[in-house]
Structures are given as structure tokens and as C-alpha cells.
Amino acid sequence: MTIDIMMPFYGDPELFRDAVRSVIAQTDQDWRLVVIDDVYPDTEPGEWVSGLGDARIHYLRNETNLGVSGNFTKSVELVTSEHFVLMGCDDLLEPGYVARMRAAIAAHPTGAYFQPAVTVIGDDGTQTLPLADRVKSWYRPSHSTPVELSGEKLAVSLLRGNWTYFPSICWRTDAVRRHGFDPEFDVVLDLNLQLDIVLDGGSLVLLPDHEFRYRRHAGSVSSWTAQDGSRFDEERAFFLTAAAVLKKRGWRRAARVSSAHWSSRLNAATKLPSALAKRDGAGMRSLLRHMFLGW
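This structure is a prediction, so every number in the text was calculated from the model and none was measured.

Chemist: I would appreciate a short explanation of helix H1 (residues 13–24) in the present structure.
Modeler: Given 3.6 residues to a turn, an α-helix orients residues that are three or four positions apart in the same direction. In this model, H1 (12 residues) spans 17 Å end to end at C-alpha, consistent with the 16 Å of a helix rising 1.5 Å per residue. Inspection of H1 places Pro13, Leu15, Phe16, Arg17, Ala19, Val20, Ser22 and Val23 among the buried residues, and these make up the whole buried set. The inward-facing, buried residues of H1 abut strand E1 (3–9), strand E2 (31–37), helix H2 (44–50), strand E5 (92–93) and strand E9 (204–215).

Here it is, written out as C-alpha cells:
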């Protein structure tokens, strides 16, 4: 049971090399790594990975830049295994990640996706826990053993605050292909996919083991879009659309949580002091609109 590790690449070359090395260092060697270069200006990282001489490692370079959702979609199209990971090119697998995922899949064969515990690291690789990740830890269900979650209860949990870490998730390929990534989204495309899977009857297997290192830094899409307010416009559109879908399904509690989207509103509130300090009128208007509109 090989696990495909799909790695869209556009970023820091040295962090990319570390990410690839973390795959090579797996204790369970039954994996395939596919690097999809989204036309990064420097061709040296691609030359480096191509020169590793490992038959399990495949490299391809897009003809044109596809952007976040486009490169994710292409990554899924290239998957050949029943399960895969869509790993960030600056994140790190713990050495036991593949072994743990394969064991979890064997124990929970109907699981649509598998979320391990995650260690958050900064640009320098040291452990960190900024506010966003402290909030995630508060929302994450607490279980000391693996548990399978599904239905409206899971939808409510995710919509209160998305405590999952998208690059760390191991997905069942057919569950993702059934829905795909909505090109309208960049920041919430993972939450949108999860909600589609949950509405379709899929389950999340939550694992207590720390098997992934997620890099949190200012250069991420979710960080920079928070500054100009675009992430909140996208989030508001998602939550209000989801609320309508959930209400129609009869999941009224989940619909209310989505309509309120308190964690997203509170996140916008934390950006106000920065917008005020910069005298960013457009940013302030965007933040206030997200905090108070859409009830």
C-alpha cells in the first residue's frame, strides 16, 4: 500500500530541500514523491531533486503557473495510489509519518482522510505556537487514541474553527477526486473540500501521534491575504454559502455555526490594531465588514 506524497513547489529552495529530505528519511519506504514545480523562476531546485537518483522521486515542471488551486488539482490528477498527501514544500514529515498513516488506513479502511497531531515550527525550524495555532489547539477534539469522526458533529467542529492542518492530512484518493478543489478559493479551499466530503458521508480519522511539522511563517498565502482583507472576503463568502447548503440538508446546528463564523470574525478583529497603526483605511473597512456583516 504505497502512499503518494504530492509536493507542489514554489518557494524557498533550501526549505524545499529539507522537505524532500524528510520524505527520504521515512522509516517506512513504501512511498512515491512527486514534485510539481509551478514555474519557480530558479530551475536549480528542480535540477537538484532530479539528480537525486531515486526511482521513487518524480519531478515535473508546469508549462505555465497554475496558482494554488490549479496546482493542487493537477497534483490530485497525478496521484496513482489509493491514498496521498498534498505536502507543503516547506513542511517536514516526521520519520514515522508514512508508517503511521499506513497503520491507520489498515485500522480504519473506510476513513476518507487522516489527520495526525502536528508540531508547528517557524522559519528557523524551531517549535513555535503563535495565536492562530493556539486557537487551533483549543478547537481540536481531545482524544488520546485514534477516533473516527463524521456527520453534522464533525461539520460543527470544523466550522467553529478549522483545527486541521491541510498539508499534514493523508487523503483517500477517490474521496478527493469526487469533489476536487473549488477554483474560487485559495485560503479556504481545504475547509471547503472537507465539508464536501463530510456532507457526502465521509469520515475523518483523528490521530494523537505527532507525525508532521507544519511551518508557520509570514510568507504563506493565509498570512499575507489576512493583511489586505482578501482572505476575509473569501471566508465570508464560503461560510454564508455553506450555511445555506447545511440548512437545506437539515443540519441546522452546523448552519448556525457557519453563519456566525465567530472564529473568523475574531481573527479579523485581531488584525484591526495593525490596520489602525498603518492608517490602512481600505484594510479597516474590509475587516469591519467581515466582523459585522453577513448575519
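Chemist: I keep staring at a positive patch on the surface and nothing clicks. Help me out?
Modeler: A surface patch of positive charge is lined by Lys153, Arg160, Lys247, Arg252, Arg253 and Arg256. Element by element, the count of residues in the positive patch is highest for helix H11 (residues 252–260), at 3 residues. Along the polypeptide, Arg252 turns up in helix H11.

Chemist: Help me understand the pairing of strand E3 (residues 57–61), please; the structure alone is not making it clear to me.
Modeler: Remember that side chains alternate between the two faces of the sheet whenever the strand is regular. Here 5 bridges tie E2 to E3, and the two strands are oriented parallel to one another. Bridged to Val34 within E3 is His58. Taken together, E2, H2 and E3 constitute a β-α-β crossover, and its handedness is right-handed.

Chemist: Any chance you could explain the packing of aromatic side chains here in plain terms?
Modeler: For any pair of aromatic rings, the description rests on two quantities: the centre-to-centre distance and the angle between the ring planes. Using the criterion set out here, one finds 13 aromatic pairs in the structure. Pairing Phe9 with Phe16 gives two aromatic rings, centres 4.3 Å apart and planes at 35°, and the pair type is tilted. On the basis of relative accessibility, which here comes to 0%, the residue Phe16 falls in the buried class. On the numbers, 5.2 Å between centres and 85° between planes, the contact of Tyr10 with Tyr40 is edge-to-face. Of this pair, Tyr10 sits in the loop between E1 and H1 while Tyr40 sits in the loop between E2 and H2, and the two are 30 residues apart along the sequence. Exposure remark for Tyr40: the relative accessible area of 17% places this residue in the buried category.

Chemist: Is there a simple way to think about the pattern of salt bridges in this case?
Modeler: A side chain with one charge may pair with a side chain of the opposite charge, provided their charged atoms come close. Summed over the entire model, instances satisfying the criterion amount to 16 salt bridges. The partner of Glu14 in a salt bridge is Arg21, and the shortest N-O contact between them spans 3.5 Å. Judged by its relative accessible area of 40%, Glu14 falls in the partly exposed class. We classify Arg21 as partly exposed; its relative accessible area is 39%. Sharing partners across several salt bridges, the network here consists of Glu14, Arg17, Asp18, Arg21 and Glu44.

Chemist: Looking at this structure, I do not really get the nonpolar core. What am I missing?
Modeler: When a protein is soluble and globular, its nonpolar side chains tend to lie buried together. Counting residues in hydrophobic clusters, the biggest one holds 44 residues, and the most contacted among them are Phe84, Tyr113, Leu154, Trp171, Phe181, Phe238 and Leu246. In terms of residues, this core owes the most to one element, helix H8 (residues 189–199), which gives 7 residues. For Leu154, the residues in contact, after removing those within four places along its chain, are Tyr113, Leu149, Trp163, Val198 and Leu204. Residues Ile3, Ile5, Trp31 and Val49 belong to the second largest nonpolar core, which totals 32 residues.

Chemist: Just to check I follow, could you spell out the packing of helix H10 (residues 230–249) against H11 for this structure?
Modeler: In a packed pair of helices, the relevant descriptors are the angle between the two axes and the axis-to-axis distance. Interaxial distance between H10 and H11 falls to 8 Å at its minimum, and their mutual angle equals 165°. The angle between H10 and H11 falls in the class roughly antiparallel. Handedness of the H10/H11 crossing: left-handed. When H10 is examined against H11, the residues Phe239, Leu240, Ala242, Ala243, Leu246 and Lys247 are found in contact with a partner set consisting of Arg252, Ala254, Ala255, Ser258 and Ser259.

Chemist: Could you clarify how one ought to interpret the layout of surface pockets in this entry?
Modeler: Regions of empty space are outlined by a rolling probe, equal in size to a water molecule, passed over the atoms. Each pocket or cavity is described by its volume, and for the second largest pocket that value is around 260 Å³. Listed by contribution, the elements that provide at least two residues to the lining of the second largest pocket are strand E6 (113–121) and helix H5 (131–139). Examining the composition of the lining of the second largest pocket, we find that 6 residues originate from one element, E6, more than from any other.

What counts, and at which threshold
- Residues numbered from 1 in each chain as written.
- Predicted model: local features only at pLDDT ≥ 70, side-chain atom pairs only at ≥ 80, totals over all residues.
- Heavy atoms only, no water.
- Helix = DSSP H or I, 4+ residues; strand = E, 2+ residues; numbered from the N terminus.
- Expected span 1.5 Å × (residues − 1).
- Buried < 20%, exposed > 50% of the residue type's maximum accessible area, 1.4 Å probe, protein only.
- Contact = heavy atoms within 4.5 Å.
- Patch = residues over 30% accessible without salt bridge, like charges linked within 9 Å, V, L, I, M, F, W, Y side chains within 5 Å.
- Areas by Shrake-Rupley, 256 points an atom, 1.4 Å probe, with all protein chains shown as cover.
- Salt bridge = Lys/Arg side-chain N within 4 Å of Asp/Glu carboxyl O.
- Lys, Arg positive; Asp, Glu negative; His and termini not counted.
- Charge placed at Lys NZ, Arg CZ, Asp CG, Glu CD.
- Pairing = 2+ DSSP bridges.
- Right-handed = clockwise from strand over helix to strand, strands pointing away.
- Phe/Tyr/Trp six-rings, centres within 6.5 Å; stacked < 30°, edge-to-face > 60°.
- Core = buried A, V, L, I, M, F, W, Y, C linked by side-chain atoms within 4.5 Å.
- Axes fitted to C-alpha atoms, helices over the stretch in contact; angles between N-to-C directions.
- Parallel < 35°, antiparallel > 145°, perpendicular 65-115°, else oblique.
- Left-handed = near helix turned anticlockwise from the far one by under 90°.
- 1 Å grid on protein atoms, 1.4 Å probe; cavity = no way out; pocket = protein on both sides within 12 Å on 5 of 7 lines; lining within 4 Å.
- Points joined across faces, edges and corners; volume = space filled by probe spheres on them.

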